[in-house]
Structure formats: C-alpha cells, structure tokens
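Observations on chain architecture
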Amino acid sequence: KGRQEVAGENLALQAEIEVRRRAEDALQRSEEKFAAAFRANPCAMAITLFDEGTIVDVNDVCVRQSGYSRGELIGHNSDELGFWADPAERASVTAELEAHGRVATREVRWRKKNGQAVTVLYSADTLEVNGERCVLSVAEDITARKQTEATHRAVLRALPDWIFVLSASGVFLDFHAKDPERLAAPPEGFLGRHMKEVLPPEVADGLLLCFDRAMRSDDTATLEYSLPVASEVRFFEARVVRCDIDKVLAIVRDITERRRAEQQARQLRDELAHVGRV
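Cut-offs applied
Residues numbered from 1 in each chain as written. Predicted model: local features only at pLDDT ≥ 70, side-chain atom pairs only at ≥ 80, totals over all residues. Heavy atoms only, no water. Salt bridge = Lys/Arg side-chain N within 4 Å of Asp/Glu carboxyl O. Helix = DSSP H or I, 4+ residues; strand = E, 2+ residues; numbered from the N terminus. 1 Å grid on protein atoms, 1.4 Å probe; cavity = no way out; pocket = protein on both sides within 12 Å on 5 of 7 lines; lining within 4 Å. Points joined across faces, edges and corners; volume = space filled by probe spheres on them. Nonpolar A, V, L, I, M, F, W, Y, C, P; charged D, E, K, R; others polar. Pairing = 2+ DSSP bridges. Axes fitted to C-alpha atoms, helices over the stretch in contact; angles between N-to-C directions. Contact = heavy atoms within 4.5 Å. Buried < 20%, exposed > 50% of the residue type's maximum accessible area, 1.4 Å probe, protein only. Core = buried A, V, L, I, M, F, W, Y, C linked by side-chain atoms within 4.5 Å. Expected span 1.5 Å × (residues − 1).

**Here we look at the pattern of salt bridges**
The final tally for this structure, using the stated rule, is 24 salt bridges. A salt bridge links Glu 224 to Arg 259, with the nearest nitrogen and oxygen atoms 3.2 Å apart. Residue Glu 224 is found in strand E8 (residues 221-229), and its partner Arg 259 is found in helix H9 (residues 256-277); the two are separated by 35 residues along the sequence. Taking the shortest distance from any N to any O, the salt bridge between Glu 232 and Arg 260 comes out at 2.7 Å.

**Some points on the layout of surface pockets**
Unfilled space is identified by rolling a water-sized probe across the atoms. In this structure, the largest pocket spans a volume of roughly 380 Å³. Within the residue set of the lining of the largest pocket, elements represented by two or more residues are strand E1 (44-49), helix H4 (78-81), helix H5 (87-100) and strand E5 (132-141). Among the elements that take part in the lining of the largest pocket, E1 stands out by supplying five residues, more than any other. Residues belonging to the lining of the largest pocket are distributed by class as follows: 15 nonpolar, six polar and four charged.

**Structural notes on the sheet that holds E8**
An order of E7-E6-E10-E9-E8 is seen for the five strands of this open sheet, with the pairing classed as antiparallel. Each of the sheet's edge strands pairs with one partner strand only, and the pair in question is strand E7 (172-176) and E8. Neighbour to neighbour, the strand axes of the sheet diverge by 25 degrees on average, direction disregarded. Where E8 and strand E9 (residues 232-242) come together, nine bridges link them in antiparallel fashion. Bridging from a neighbouring strand, Ser 226 pairs with Phe 235 of E9. On the sheet, helix H8 (residues 201-217) packs against strand E6 (162-167), E8, E9 and strand E10 (247-254) and is oriented at approximately 160 degrees with respect to E8.

**Regarding empty space enclosed by the protein**
Applying the stated criterion across every chain yields a total of one cavity of 30 Å³ or more. Of the volumes computed, that of the largest cavity is approximately 120 Å³. Contributing to the lining of the largest cavity are Ala 44, Cys 62, Gln 65, Ser 66, Phe 83, Trp 110, Arg 111, Lys 112, Val 118, Val 120 and Asp 141. Here the element with the most residues in the lining of the largest cavity is helix H2 (residues 60-66); it accounts for three residues. Of the residues that constitute the lining of the largest cavity, the class distribution is six nonpolar, two polar and three charged.

**Remarks on the pairing of E6**
The element E6 is largely enclosed, with a buried count of five among its six residues. Pairing of E6 with E10, which is carried by six bridges, proceeds in the antiparallel orientation. Pairing of Leu 166 across the sheet is with Val 248, part of E10. The antiparallel hairpin formed by E6 and E7 contains four residues in its connecting segment, where Gly 170 sits at a positive phi of about 110 degrees.

**A few points about the nonpolar core**
Counting 26 residues, the largest nonpolar core has Phe 164, Leu 166, Met 195, Leu 207, Phe 211 and Tyr 225 as its most contacted members. Among the elements that make up this core, the one with the highest residue count is H8 (seven residues). Not counting the four nearest positions on each side in its chain, Phe 164 is found in contact with Phe 172, Asp 174, Phe 175, Leu 183, Phe 190, Val 248, Leu 249, Ala 250 and Val 252. Core analysis: the next-biggest nonpolar cluster, separate from the first, contains 24 residues, Ile 55, Val 103, Val 120 and Ala 124 among them.

**Concerning H8**
For H8, spanning 17 residues, the distance from its first C-alpha to its last is 24 Å, which sits close to the expected 24 Å at 1.5 Å a residue. Taken together, the buried positions of H8 are Val 203, Ala 204, Gly 206, Leu 207, Cys 210, Phe 211, Ala 214 and Met 215. The elements touched by buried residues of H8 are E6, helix H7 (195-198), E8, E9 and E10. A positive phi of about 70 degrees marks Asp 218, the residue just after H8.

Geometric values such as these leave the question of function open.
Next comes the structure, spelled out in structure tokens:
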C-alpha cells in the first residue's frame, strides 16, 4: 500500500477510536449521574430483576424507611420480605409493567420490617442493566399526609359551618357543606362564578372589603349579613382568612336563631322598662 493509503487508514482508525472513547466517556458520565441521582433522591428507590423480583440495589432512603439493612434487602425479593401488604396490588403492578413497561404514581400499601403498613405513591419503569431486564422503582411515603387528610375530613364532617374557598377577587372555587340543601343557592349556581353574579350587591361589596382586609393583614375579617332563603330572611356571619397567595377561606355560620334570640331579649327588656315606667 502506498503511504497515503496507510496514512488514511491510520487516520480513520484513530477517528474510530476517538468516537468509541467519547461514547464510553459519555456512558460513564451518564452512569455516574444516574448513580448520584439514585443515591441522593429523597424518595425510596430500588432496582430489581424483572422476572425474579430479586433486589439488585437500593438507596439509603429505602433502607431507612423499610427498616431493613442493605444486606437484608439486596439479593432477596419482595415476596420473601413481605413488602406488599396486599398481594393483589403487587399482581396489578406487575401486569401493568408487563403491558406498558411502566407504572405512574399509583397509591399502594407496603409493609415495613416491624410490620407497620405504610401508604406509598409508587412509580416504576423498566430498564436494562448489564443485559438483564430490570425494574427501577420509586416510592414516596405519604402515610403522614393521608393521616392528616383523614383528620381534616373528620373535622370538616363535624363542623356545623359552611366553608368556601374563593379567589381574592371573589370567584367561588370550592366549598364544603354538611347540609348543601340549606345553601342559598345550589353549588352549580355559584361555583366558578363571581360573588357579584350570585349575591346581592351590598353583600358582595362587604365581603370583598373583608377579603381585602384579610389579604393585607393576615388577620381574620368578619362580616354579618342577611339573605333571603326560601320564604324568609336569614342572617349569616362570615369569617374570612387568607389561605394562599391569591385565595381566601370563608367560614360562614347561620346565626339566624341567635339574632332572633337577641331581638326577643331586646323586646323583653323594652317591655320590662315600659312596665317599670307605668
């Protein structure tokens, strides 16, 4: 071969070696980034073999939340450890992974080493590791959040008041009412609408002033007002607080009986005063 031909082949070989080196470097950097993300993720993460379910690796959060040591986890599968509180949930997740290759934010129950059942938000994806099909699982423990939500629901069920969430500008966004039939208007008549479309102008203006005070001061703003309901006029008290950057929470109580009792007491005092004068 001529010198030019040999030189061309050498250049091509060097170029190919350089391409391979760059690819290997890129792969190594990618693996290092994955490993760093795996270790630093605030959620529990695990890599398992798809077919056997054997745990290949876990991060520190998984170790801490499960109660098992790393040695007790790696090399064992979830059935041996009794991870899944409900085997039907595991079967459903496996079927979805088989069908779609991934599972997104599913609420499932796991069991820790001490037997405590916890609720986790579970996501998983399939990937290949060293030529083997594996599952990368991510689980966020939402047990405390679920307990808090249950407590809030219990409190709401016990409250005799009506609760409304509105934008700071006065649009009804959400509500809770133990007895919706006693509302001045059905939910479909006010949700998504501005107060001025639903309430009398003087009531809507008074509530907007309350909203403004609550948004500016972080204090509770209070307003008493009356509304025609069915065939009578009823009285209400609204307590307004800021619940977000641009939202307010209004707790509304029917105070009609209280106002009537106060009126009767005033009438009785007036009558007694009149009798005293006579």
